[in-house]
Amino acid sequence: MTQKKTGTPRKIRALYIGAKGGDTFDPSQIEQQSRAVKAAGGEVVRFGGSSTGELIEALKDVDVAMSQGHKVDSAVFEHMGNHGRCKGLVSFGHGFDGIDTAAAARNGVVLANTASFGTEEVSNQAMMHLLICARKFVKQDKMVRQGVWDRKGLAPMGHVSGQTLGIIGLGDIGRAVARKAQAFRLHVIGYDPYIASWDFKEYAVEQVATLEDLCRRSDYVTLHVYLNEETRHMFSSKHFDHMKPTAYLINCSRGGVVDEKALIEALQKKKIAGAGLDVFEQEPTPATNPLLKMDNVSVTNHYASYSEVAWERAQTQMGEEAVRIAMGHWPMSLINPEVKHYAPPRKAAKTWEAMKADMGLR
Amino acid sequence: MAKLKVVVLGAENDPLSYERAEMKDLDITFVQAKPKSDGEAMEIVRDADAVMLRGDWGREPIINATSKCQVMAVYSHGFNHIDVDAINEKGIILTNSTGMCAEEVSNQAVTFILALNRQVVQSTNNMRKGVWDRQNLLPIEPLDEQVLGQVGFGNIGRQVVRKMSGWRMKTLVYDPYIPPWIIKEYGVEQVFDLNELCRRADYVSVVVPLNDETFHMIGEEQFKNMKRSAYFVNVCRGSVHDEKALIKALQTKLIRGAGLDVFEKEPVDPKNPLLQMENVITAPHLAGASTRSAWLSRQRAAQQVASVLRGEWPMGAQNPIVASKIEGRQRSKGRAPAAAPGLK
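What you see is a predicted model, and the numbers here were worked out from it, not measured in a lab.

### Considering the overall build of chain A
Here is step 1 of the chain: For chain A, the helix and strand inventory stands at 13 helices and twelve strands.
Here is step 2 of the chain: A globule of 362 residues ought to have a C-alpha radius of gyration of about 21 Å, and chain A, at 23 Å, matches this closely.
Here is step 3 of the chain: Taken over the C-alpha atoms alone, chain A extends approximately 70 × 45 × 35 Å along its principal axes.
Here is step 4 of the chain: Counting only residues that meet the buried cut, chain A has 47% of its 362 residues in that class.
Here is step 5 of the chain: For chain A, long-range pairs separated by at least 24 residues make up 70% of all intrachain contacts whose partners lie at least 6 apart in sequence.

Put into structure tokens, the structure is as follows:
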């Protein structure tokens, strides 16, 4: 297999769209995100406007757009993909809430995120919440700081080893959670209708057919799904009814996946033993949220994916995916695969090193 | 809905238990045939909605003779014997029995690595000849301190790495198509140059599909780059390595030995030099075989066809490029396989 040199690369232009609501460009971030585009001999231009109309105009003479949490209106897609020079959009982070992936697909617009940049971090956060719940850390920590050494009221506490963890969503993060949970000798069961049975087997996760089955059998339930029409409020009061009263719910995915009112009610009525939450339906969550008053609930502020390494990876990947899209390849983290039915065929996604070799760069 | 016609080529006496079980909820007519000519095959597939292939029917004239075929399914893992370009042109989804023998093939690769390291075949042969002396078996290196180089990181390559991780060898992976974050999950080092992997590895194991890009990908240059003490293991397709170059490399001691399940021409000519070499251990292309894969290949193939006929994009699709030629399909929601009556 020889490495092809295709001569000097075509000059790529990428449009950087910052976070929604104004100019929040952090020069160091955009530098890292632009690195790959510049290495490929391209340039990154910043979007200086604010309206959809201005965005459509700005996209006319670029090959790819890069956004950091900027919600892109579906109307914009009608001027991209099959209808314009700009072939796709790379979005920082995992989730692509607020982006109509189907509308993008229909217009031949390739969408990518920075998949798996924070897999280690989010899976660590989920395991952390699991252990905090299992060991009743919130309560213990509070007690000790108040000068209370008494261990009353801490029982019962699960053994963890030999208990059952139910994972909803077996993507990169769900898989990492399974791997870490297995190190704790948790029995891992999983629900994900889109993962093949032979992949469940490879991850040593027992596949269950329904969410109800998973809820009935689990001592800990953790969610690792995207937020979209299908998953909004996928976890609601009936699932809390199915869960064991000694079980805990962990959510480090998106607040909207769980019906928060139902969660609060379930906790108040002791239908479940507690919860560990990184995300809420409304963020920031108000100080009056009943969840914040419960000492069997551990809370963090939607930062599960953060570490410097993770952030650096996401920023680097953003640029690399932008180059892949601009150079006619599929990105490595394509989030709307149905676009393959609408957009013309593209070259396979290749590692950045392989892309550099193809471009004659070192 | 009109009856769907599923043509199964090359299996005229098979009761099609798995195929029938998986498609029980669909209105199917099964047509079985072992055509004696291309012309006969072309006639049979003309109005097929799906074609399941055992044998050599995945060729252009037969593919082009179809008029409404949605899917062509092979029962094997490999599909290098299928004219993929013709299938793509025609807008047909190609499926294989993905994963049905991944455990078996990876086990074969692992077995070869261990057997070569411990000189198992050689010592057995010695003892049968009444030779106790270990001298010609040495050196035997401590495997845990050696370097494994895995070329190809699909389903099977990953299992090789997963299984070998028990030995805690330094492991290198070369695969330009796999996202770096997948490779990181396995705690291995990704290398981006095939020759670099060859220079550093004590065992070079290759598991890739055979296509234009991988044909003879391990050749003279790679054997020259490999250590003289290194072993080469191939359990995927013979033509992935250049057999002439391999023979020469072994004869001139550019590498120490090889474990081969596959050859450029099969069955192998008994006079093939590879069969005469002490440090080459072999198997007759059986890496994928087990009592399970014998039936799992049928169930898996049938699952793919059923999925397509239900309007889904099947999990075992092997030509995603065809998506640009066909209407959008639902994502396949995995179903538990149907219980095939009377059979495992």
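Now that the structure has been shown, we can carry on.
### Looking at the sheet that holds strand β12 (residues 280-282) of chain B
Residue and element names in this part refer to chain B.
Here is step 1 of the chain: Taking strand neighbours across the sheet as the criterion, the seven strands line up as β8-β7-β6-β9-β10-β11-β12 in an open arrangement whose pairing is parallel. This sheet does not close on itself; its edge strands, each paired only once, are β8 (189-190) and β12.
Here is step 2 of the chain: Here strand β10 (residues 231-234) pairs with strand β11 (residues 257-260) via four bridges, running parallel. The partner of Asn234 across the bridge, within β11, is Leu260.
Here is step 3 of the chain: Sitting on the sheet, helix α7 (residues 155-164) is in contact with β6 (147-151), β7 (170-174) and β9 (203-206), with an inclination near 165 degrees to β6.

### Comments concerning the sheet that holds strand β8 (residues 206-207) of chain A
Residue and element names in this part refer to chain A.
Here is step 1 of the chain: Taking strand neighbours across the sheet as the criterion, the seven strands line up as β8-β7-β6-β9-β10-β11-β12 in an open arrangement whose pairing is parallel. Only two strands of the sheet have a single partner each, and these edge strands are β8 and β12 (297-299).
Here is step 2 of the chain: Pairing of strand β11 (residues 274-277) with β12 involves three bridges; the strand directions are parallel. When the bridges of β12 are listed, Ala275 appears paired with Val297.
Here is step 3 of the chain: On the sheet, helix α5 (residues 119-134) packs against β9 (220-223), β10 (248-251), β11 and β12 and is oriented at approximately 155 degrees with respect to β11.

### Looking at the pairing of β11 of chain B
All names here are of chain B.
Here is step 1 of the chain: What you see with β11 is no split at all: Gly257 and Gly259 on one side and Ala258 and Leu260 on the other are buried throughout.
Here is step 2 of the chain: Note on the crossover from β10 through helix α11 (residues 243-251) to β11: the handedness is right-handed.
Here is step 3 of the chain: Looking at chain direction, β11 and β12 are connected through three bridges and run parallel. By the bridge assignment for β12, Leu260 is matched with Thr282.

### Considering the interface of chain B and chain A
Here is step 1 of the chain: Each partner contributes residues to the interface: chain B has 23 residues there, and chain A has 25 residues.
Here is step 2 of the chain: Of the residues belonging to the side of chain B that touches chain A, the class tally is 14 nonpolar, five polar and four charged.

### Comments concerning the domain arrangement of chain A
Residues and elements named next belong to chain A.
Here is step 1 of the chain: Annotation of chain A at the domain level lists domain 1 (13-117 + 307-359) and domain 2 (119-299).
Here is step 2 of the chain: Its C-alpha centre places domain 1 at a distance of 33 Å from the equivalent point of domain 2.
Here is step 3 of the chain: Each partner contributes to the interface: domain 1 provides six residues, whereas domain 2 provides six residues.
Here is step 4 of the chain: Along the lines of polarity and charge, the residues of the side of domain 1 that touches domain 2 split into two nonpolar, three polar and one charged.

### Notes on the confidence of the model for chain B
Here is step 1 of the chain: Looking at chain B as a whole, its pLDDT mean stands at 94, while 98% of the residues score no less than 70.
Here is step 2 of the chain: Note on the complex model: pTM 0.91, ipTM 0.87.

### Some words on the packing of α5 of chain A against helix α7 (residues 172-183) of chain A
Residue and element names in this part refer to chain A.
Here is step 1 of the chain: Viewed as axis vectors pointing N to C, α5 and α7 meet at an angle of 55 degrees, and their least axial separation amounts to 9 Å. Put simply, α5 runs oblique to α7. The way α5 lies across α7 gives a crossing that is right-handed. Contacts between α5 and α7 involve Thr119, Glu120, Val122, Ser123, Ala126 and Met127 from the former and Asp172, Ile173, Ala176, Val177 and Lys180 from the latter.
Here is step 2 of the chain: Classifying every residue of the contact of α5 with α7 gives six nonpolar, two polar and three charged.

### Some remarks on α5 of chain A
Here is step 1 of the chain: Taking 1.5 Å of rise per residue, the 16 residues of α5 of chain A would be expected to cover 22 Å, and the 22 Å separating its terminal C-alpha atoms lies within 8% of that figure.
Here is step 2 of the chain: Across the 16 residues that make up α5 of chain A, a large majority, 13, are buried.

### Thoughts on the nonpolar core
The tendency in soluble globular proteins is for nonpolar side chains to be buried as a group.
All names here are of chain B.
Here is step 1 of the chain: Grouped together as the largest cluster of nonpolar side chains are 56 residues, with contacts concentrated most on Ala109, Leu197, Val204 and Val233.
Here is step 2 of the chain: For this core, the element with the most residues is helix α5 (residues 102-118), which contributes seven residues.
Here is step 3 of the chain: Once residues lying within four places of it in the same chain are set aside, the contact partners of Ala109 are Val160, Ser205, Val207, Val233 and Val235.

### Observations regarding unusual backbone geometry
Residues and elements named next belong to chain B.
Here is step 1 of the chain: Of the consecutive residues Leu138 and Pro139, the connecting peptide bond is found in the cis state with omega at 0 degrees.
Here is step 2 of the chain: By the secondary structure assignment, Pro139 is in the loop between α6 (120-128) and β6.
Here is step 3 of the chain: Going from Glu266 to Pro267, the amide bond is cis rather than trans, its omega being 0 degrees.
Here is step 4 of the chain: Among the structural elements, Pro267 can be located in the loop between β11 and β12.

### What about the domain arrangement of chain B?
Residue and element names in this part refer to chain B.
Here is step 1 of the chain: As far as domains go, chain B holds domain 1 (4-100 + 291-331) and domain 2 (102-282).
Here is step 2 of the chain: In this structure, domain 1 and domain 2 have C-alpha centres spaced 33 Å apart.
Here is step 3 of the chain: Opposite the four residues of domain 1 that make contact, domain 2 presents seven residues.
Here is step 4 of the chain: Looking at side-chain class alone, the side of domain 1 that touches domain 2 contains no nonpolar, four polar and no charged residues.

### Overview of the packing of α5 of chain B against α7 of chain B
Residues and elements named next belong to chain B.
Here is step 1 of the chain: Running from amino to carboxyl end, α5 crosses α7 at an angle of 50 degrees, the nearest separation of the two axes being 8 Å. One element, α5, and the other, α7, form an angle in the oblique class. Handedness of the α5/α7 crossing: right-handed. Listed contacts from α7 to Ala102, Glu103, Val105, Ser106, Ala109, Val110 and Ile113 of α5 are Asn155, Ile156, Gln159, Val160, Lys163 and Met164.
Here is step 2 of the chain: Partitioned by chemical class, the residues of the contact of α5 with α7 number eight nonpolar, three polar and two charged.

### Focus: the pairing of β10 of chain A
Residues and elements named next belong to chain A.
Here is step 1 of the chain: Burial along β10 is two-sided: Tyr248 and Ile250 facing one way and Leu249 and Asn251 facing the other are all buried.
Here is step 2 of the chain: Once you follow β9 into helix α10 (residues 237-242) and on to β10, the crossover reads as right-handed.
Here is step 3 of the chain: By the bridge criterion, four bridges tie β10 to β11 in an arrangement that is parallel. Along β11, the bridge assignment pairs Asn251 with Leu277.

So, how was this worked out
- Residues numbered from 1 in each chain as written.
- Chains lettered and ligands numbered in written order.
- Predicted model: local features only at pLDDT ≥ 70, side-chain atom pairs only at ≥ 80, totals over all residues.
- Helix = DSSP H or I, 4+ residues; strand = E, 2+ residues; numbered from the N terminus.
- Rg over C-alpha atoms; globule rule 2.2 N^0.38 Å.
- Buried ≥ 20, exposed ≤ 12 C-beta atoms within 10 Å, placed from the backbone.
- Contact = placed C-beta atoms within 7 Å.
- Pairing = 2+ DSSP bridges.
- Axes fitted to C-alpha atoms, helices over the stretch in contact; angles between N-to-C directions.
- Right-handed = clockwise from strand over helix to strand, strands pointing away.
- Nonpolar A, V, L, I, M, F, W, Y, C, P; charged D, E, K, R; others polar.
- Domains from an automatic or database assignment.
- pLDDT = per-residue confidence, 0-100.
- Parallel < 35°, antiparallel > 145°, perpendicular 65-115°, else oblique.
- Left-handed = near helix turned anticlockwise from the far one by under 90°.
- Expected span 1.5 Å × (residues − 1).
- Core = buried A, V, L, I, M, F, W, Y, C linked by C-beta atoms within 7 Å.

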